[in-house]
Amino acid sequence: MENREITKVFKVEGMSCAGCARNIEETLKKTPGVIDVSVNFTTDNAVVVYDPEKVKPTDLVKKVEDIGYRLMEDARIEIDENQVQIIKKRFLYALLFTIPGVVLMLLEMSNFTIPYSGIIQVFISSFVIFWAGSQVIKSFLRSIVHGVFGMDVLIGLGTITSFFTGIMNIIGFNISNYALIGAMIMMFHLLGRYLETMAKGKAIGAIKELVKLGAKKANVIRGDREIEVPIEELEIGDIVIVKPGEKVPSDGVIIEGDTYIDESMVTGESIPVRKSVGDRVIGATVNQLGSIKVKIDKLGKDTFLSQIIRLVEEAQGSKVPIQELADKITGIFVPLVLLISLGVFLFWMLFPEAGRHILSNLSHIIPWINLESSVLSQAISAMVATLVIACPCALGLATPTALMVGSGVSAKRGILIKSGEAIQRMKDIDVLIFDKTGTLTLGKPRVTYLWSKLDEREFLEIVASIENNSEHPLAKAIVEYAIERGIVPKKVRAFSAIPGRGGKGMFNDRTYTIGNKNFLIENGYDVSFYEERLNSLEREFNSVVLVADDLGIIGFIGISDILKDDAKEVIKTLKRLGIEVVVLTGDNARTASAMKDKLEVDRIIAEVLPEDKMRIIEALQEQGHRVAMVGDGINDAPALRQADVGIAMGTGTDIAIETGDIVLVNGDIKNVIRAILISKEIFRRIKQNLFWAFFYNVIAIPVAGLGLLHPVIAELAMAFSSINVIINSLRLKGVKLDET
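As the structure is a prediction and not an experimental result, all values here were calculated from the model. Counting from 1, residues in each chain are numbered in the order their sequence is written. For this predicted model, a pLDDT threshold of at least 70 governs which residues receive local features, and a threshold of 80 or more governs which side-chain atom pairs are given and counted, while totals over whole chains, interfaces and linings are taken from all residues. Note that the side-chain values use all heavy atoms of the structure and ignore hydrogens as well as water.

A. Spotlight on a nonpolar patch on the surface. Taken together, the side chains of Tyr116, Ile119, Ile120, Ile170, Ile171 and Phe173 make up a nonpolar region of the molecular surface, amounting to roughly 640 Å² of accessible area. Numbering goes from the N terminus for both helices and strands, where a helix is a DSSP run of H or I of at least four residues and a strand is a run of E of at least two. Topologically, Ile171 is positioned in the loop between α6 (151-170) and α7 (179-203). Surface patches are defined over residues having more than 30% relative accessible area and no salt bridge, joining like charges when they lie within 9 Å and nonpolar side chains (Val, Leu, Ile, Met, Phe, Trp, Tyr) when within 5 Å. Residue burial considers only the protein chains on display, and all accessible areas are found by Shrake-Rupley using a 1.4 Å probe. Here a salt bridge means any side-chain nitrogen of Lys or Arg lying within 4 Å of a carboxyl oxygen belonging to Asp or Glu.

B. Examining the environment of Glu480 more closely. Tracing the backbone shows Glu480 in helix α17 (residues 473-484). Assessed through its relative accessible area of 40%, Glu480 is described here as partly exposed. Note: C-alpha distance between Glu480 and Arg446 (34 residues apart in sequence) is 8.6 Å. Residue exposure (1.4 Å probe, protein chains only): buried if accessible area is under 20% of the type maximum, exposed if over 50%, otherwise partly exposed.

C. Molecular detail of the pattern of salt bridges. Taken as a whole and assessed by the stated rule, the structure comprises 28 salt bridges. For Lys62, the salt bridge identified is with Asp66, shortest N-O distance 3.0 Å. Lys427 is paired through a salt bridge with Asp428; the nearest N and O atoms lie 3.1 Å apart. A cluster of three or more residues bridged by salt bridges with shared partners is formed by Arg446, Glu480, Glu484 and Arg485.

D. Broad picture of the side chain of Thr513. Of note, Thr513 is situated in strand β19 (residues 510-515). According to the relative accessible area criterion, Thr513 is buried, its value standing at 3%. The residues touching Thr513, leaving out its near neighbours within four places in the chain, are Gly503, Lys504, Phe519, Leu520, Tyr525, Leu546, Val547 and Ala548. Contacts: residue pairs with any heavy atoms within 4.5 Å of one another.

E. Looking closely at the packing of helix α4 (residues 117-132) against α6. Structural elements are reduced to axes, namely lines fitted to C-alpha atoms, with helices fitted over the stretch in contact, and the angle between N-to-C directions of any two is expressed from 0 to 180 degrees. At their nearest, the axes of α4 and α6 sit 10 Å apart, and the two run at 155° to each other. By the angle between their directions, the pair α4 and α6 is classed as roughly antiparallel. Considering only the axes of α4 and α6, their crossing is left-handed. Counting all contacts with α4, which are made through Gly118, Ile119, Val122, Ser125, Ser126, Ile129 and Phe130, the residues of α6 involved are Thr159, Ile160, Phe163, Gly166, Ile167 and Ile170. The cut-offs work like this: below 35 degrees is roughly parallel, past 145 is roughly antiparallel, 65 to 115 is roughly perpendicular, and the gaps in between are oblique. Crossing handedness: left-handed means the near helix sits turned counterclockwise from the far one by under a right angle, and right-handed means the same turn made clockwise.

F. Representation of α17 within the structure. Given a helix with a known number of residues, its expected span is that number minus one, times 1.5 Å. Between its first and last C-alpha atoms α17 spans 16 Å; for twelve residues at 1.5 Å apiece the expected length is 16 Å, and the two agree. Within α17, the full set of buried residues consists of Leu474, Ala475, Ala477, Ile478, Val479, Tyr481 and Ala482. Along its buried surface, α17 packs onto β16 (446-452), α16 (456-467), β20 (543-548) and β21 (553-560).

G. Structural detail: the packing of aromatic side chains. Two aromatic rings from Phe, Tyr or Trp, using only the six-membered ring of Trp, form a pair when their centres are within 6.5 Å; if the ring planes differ by under 30 degrees the pair is stacked, by over 60 it is edge-to-face, and anything between is tilted. Enumeration over the complete set of coordinates arrives at 15 aromatic pairs. Geometrically, the ring pair formed by Phe127 and Trp131 is stacked, given 5.2 Å between the ring centres and 20° between the ring planes. With Phe127 and Trp131 both in helix α4 and four residues apart, this pair spans about one turn of that helix. Residue Phe127 is classed as partly exposed on the basis of its relative accessible area of 23%.

H. Summary view of the pairing of strand β25 (residues 645-649). Of all the five residues making up β25, five are buried; the element is thus mostly covered by neighbouring parts of the structure. Burial along β25 is two-sided: Val645, Ile647 and Met649 and Gly646 and Ala648, pointing in opposite directions, are all buried. Here strand β24 (residues 627-631) runs beside β25; their pairing, made up of four bridges, is parallel. Looking across to β25, one finds that Val630 is bridged to Ile647. Being paired, for any two strands, means DSSP has found at least two bridges between them. Where β25 and strand β26 (residues 662-664) come together, three bridges link them in parallel fashion. Of the residues in β26, the one forming a bridge with Met649 is Leu664.

I. A look at the sheet that holds strand β6 (residues 225-230). Spatial ordering of the open sheet is given by β6-β5-β7-β13-β8-β11, a layout of six strands whose pairing is antiparallel. Two strands close off the open sheet at either side, each with one partner strand: β6 and β11 (280-281). Bridging between strand β5 (residues 217-222) and β6 involves six bridges; their strand directions are antiparallel. Each residue of the ladder has a partner; that of Lys217, found in β6, is Pro230.

J. Region of the structure containing the side chain of Ser373. Here Ser373 shows up in the loop between α12 (352-362) and α13 (375-389). Among all residues touching Ser373, those that are not within four sequence positions of it are Ser176, Arg356 and Gln378.

As structure tokens, then:
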């Protein structure tokens, strides 16, 4: 039976930290039929690859519900605005009740006697902790019941412990009333969660912006009338009218009219592109000048914009290998902090004098140290501070936030990064290979020279008829040249081709051989008489196609693919970045040598056949090099897969966006450099985020355990650590990518 795989995106509710994401991931991975899982705490999404013969989505939903979370189908990466407003409202209510409590606490510290102060503090705290913070407390209780430990366990345990000190104080225990401290912790936790949610929304804003690009309505011709319909009512084959200033409603082909189209929103190319009958147009692009009629041939998820959105979503949901260590730590983080907090409590209860000695030495510089509080009070204060300062969130946010912001910034420039793994590999690239055609050149070879013993039209008819059976770019250039001169290719018999070298065919009962010089020599033809003229054409960057019949050479054609204006500058910049540049070309050694001198490239390999490209990359990798390959994404697919990083380059819908680890949507060669720079910058931010998250927790937990941190300060520090990681990632939006 054929093995089927389905990839489905689910929305996850109830996660409070990266530890929750880890727990869900581990649970789903153990489910029979699940092939791969990636749960992203930042986006609240789970991407699950599963075998529908063995497991159903309802089974997955049940598994996740069993550990205290909710799984919902068909989710797009976005922030739930209703949830944002709920968090904001709960924070404001918590703030409203906490402020009078703080005033009460300050009056008591100023030796004012407030009747029933302890009861008032407990009342205020109960509202803040158990109503405003009800979602946190519910998550805490659910986690305890299911034996799953997330961030809410730490906050819930810390606030409830603080609250019960107030109850114990009222009924006569010798313990400080920390009930208001618990309320303040909850209030600052809700503030942190609100700010974190808002920042996460900005981080994943690229998806929203891409979705908003799509047209909402279309002017479609139905019968003999032009009517306006919602975009959802469009059908394949509809003819739509797109007037100047309007968006193209969906992908299609122009059947009438001539205009310029602004494609910047999907390709990053700011200069409008001229379009006429027969040209493809992309949905969501803007018609600049003339009115055009477009025949729609793609809708919904099949459109180019939808594919870009899907790629960006997949990239934002992927993981970078460096994150693996952080994931392992977050998996055991909360249980470990619970054990450390218990250890802190026992330390203060069993060795109070050692703890007091540390506090007494620092009491003159730390204002919240109270040496007069009881041993139990100090033990609880240190334990609560340890519980609430520990922050697995920062570890969990370190990679996905940088990935989301970076991939969004890249997508706006026409650079689609398809996986986090490619970003990490890109930083080690030391060799970059260009397949010459379509990357360093315009990819549109043109006939520049023609000589024949025959009449020119007769000669062109023979050559074009045979080459019309070939997919080679040079063959297409010859056919196009002939058609422009009114010559229509005819049918040939017995056509055969050797990729990258030449071919044979029978035209009017006569066999002709067409190809490069070596191909004709191998087939027994003497080309020495034409050697000087052929060499002269090759020195001028022409690829020469020779044509012979049974008797000998009857003509040859010079074809040139013009180098892009900025090709030389891009190569110079790559070399400045410490990357060796290698160019692969099917041209002969003489043409390649001339190009090497013109481009000042490190190395150029001539007469490369399609099957040679992968072997060249393998050889470089065996020498210890990290290789990136830039190709057209269609003909170079095997080589792009072999490279450590495959970069597929094309123009608009001409590019196969499934190919390569990084996709350059427009033909701007400078995007190769931008792709390298943004990949390195994203990875740099990830490393900074992970360093901060590790450093924060390694320093903060011992300081809190020694009783040197007030629990409220600890909660503020915890919230700041997460927000700091997100803000650092958001700085990617300001990165300059123009180095040439």
